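Structural characterization, general
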Amino acid sequence: MTIEEICRKYWIIDYTINSDGSIDYDGDLNLGSNNLTKLPLKFNKVSGYFSCGKNKLTSLEGCPKVVGGNFDCSNNKLTSLEGGPKEVGGSFDCGDNKLTDLKGCPKEIGGSLICYSNKITSLEFYPEKISGVFKFYHNPIDSLFYSFKPDLDIIKAFNSFRILKDGTVNLKRLKYLMTSFNKQNLDIYQIKKHYQLI
């Protein structure tokens with residue numbers, strides 16, 4: 001099918017075809033719940049939100065490089081965020097996939113980072129800037145933050161203190177981090193379910 005035919009099939013209008021065959025789209029674009037195993041087009045920029053959630057995607061190849069609003073790739077079969085957008089003006093939702101890390105995540109997110117129900121074990125590749133909150137419940141990494149959700153300062157300290165390495169948690173360093181930020185509660189039982197302790 002031609003690009004034009006694919007656009008008609010998915011009701012994509014008001015688009016521009018770039019010289020490399022990618023698409024710029026002005027507005028909100030929802031390709032969710034289409035039973036897709038891969039994206040039907042290569043996107044470059046989408047000015048509004050972009051959703052490819054509730055499909056059967058195993059890769060983000062073809063996703064826009066820039067999304068002006070929210071980006072939603074939740075409820076797929078993704079094992080990596082590589083190939084996804086580099087810039088997201090709103091929130092980034094990758095919940096309910098098979099992710100083990102955040103590699104490929106944008107460096108800056110204009111809203112929240114939503115990663116619930118994955119298998120994320122570390123905070124490596126966490127964005128350098130995030131305007132909203134980090135929602136990561138139902139992940140192994142969640143067990144390290146028992147009674148609160150960490151902000152960007154805590155996450156940066158967590159990574160710089162080298163608390164986690166190769167699936168092993170340095171308990172002394174973790175306790176030091178928590179004390180430094182006036183966070184006292186640790187659930188050792190939950191942590192041991194997912195990590196070795198030293």
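Up top is the structure these notes are about.
Here we summarise the structure given alongside this text.

What counts, and where the lines are drawn
Residues numbered from 1 in each chain as written. Predicted model: local features only at pLDDT ≥ 70, side-chain atom pairs only at ≥ 80, totals over all residues. Heavy atoms only, no water. Phe/Tyr/Trp six-rings, centres within 6.5 Å; stacked < 30°, edge-to-face > 60°. Helix = DSSP H or I, 4+ residues; strand = E, 2+ residues; numbered from the N terminus. Buried < 20%, exposed > 50% of the residue type's maximum accessible area, 1.4 Å probe, protein only. Arc of directions from axis to C-beta. Contact = heavy atoms within 4.5 Å. Polar contact = N/O pair within 3.5 Å; in protein donor to acceptor, adjacent residues only side chain to side chain.

**Remarks on the packing of aromatic side chains**
Tallying each qualifying case throughout the model produces 10 aromatic pairs. Where F50 meets F71, the ring centres are 6.0 Å apart and the plane angle is 5°; that geometry is what we call stacked. With a gap of 21 residues between them, F50 in strand β5 (residues 50-51) and F71 in strand β7 (residues 71-72) connect regions that are remote in the sequence. Summarising the burial analysis for this pair, F50 and F71 share the class buried. Aromatic pair Y116 and Y137: ring centres 5.8 Å apart, planes at 15°, arrangement stacked. Taken together, the residues span a long stretch of sequence, with Y116 in the loop between β11 (113-114) and β12 (129-130) and Y137 in the loop between β13 (134-135) and α2 (152-160) at a distance of 21 residues. Classification of Y116 as buried rests on a relative accessible area of 19%. Connected via pairs of aromatic rings, a cluster forms that spans Y126, F134, F136, F145, F148 and F158.

**Brief notes about helix α3 (residues 171-180)**
All buried positions along α3 are accounted for by L171, L174, L177 and M178. Around the axis of α3, the buried residues are gathered within 120° of arc, so they sit on the same side. Facing away from the buried side of α3 by more than 90 degrees, the exposed set consists of K172 and Y176. Tucked inside the fold, the buried residues of α3 contact α2, β15 (168-169) and α4 (188-194). Between the side-chain oxygen at the start of α3 and the backbone nitrogen of K172 there is a gap of 3.2 Å, and the oxygen is on N170. Once α3 finishes, N182 follows within two positions and takes phi at roughly 55°, a positive value.

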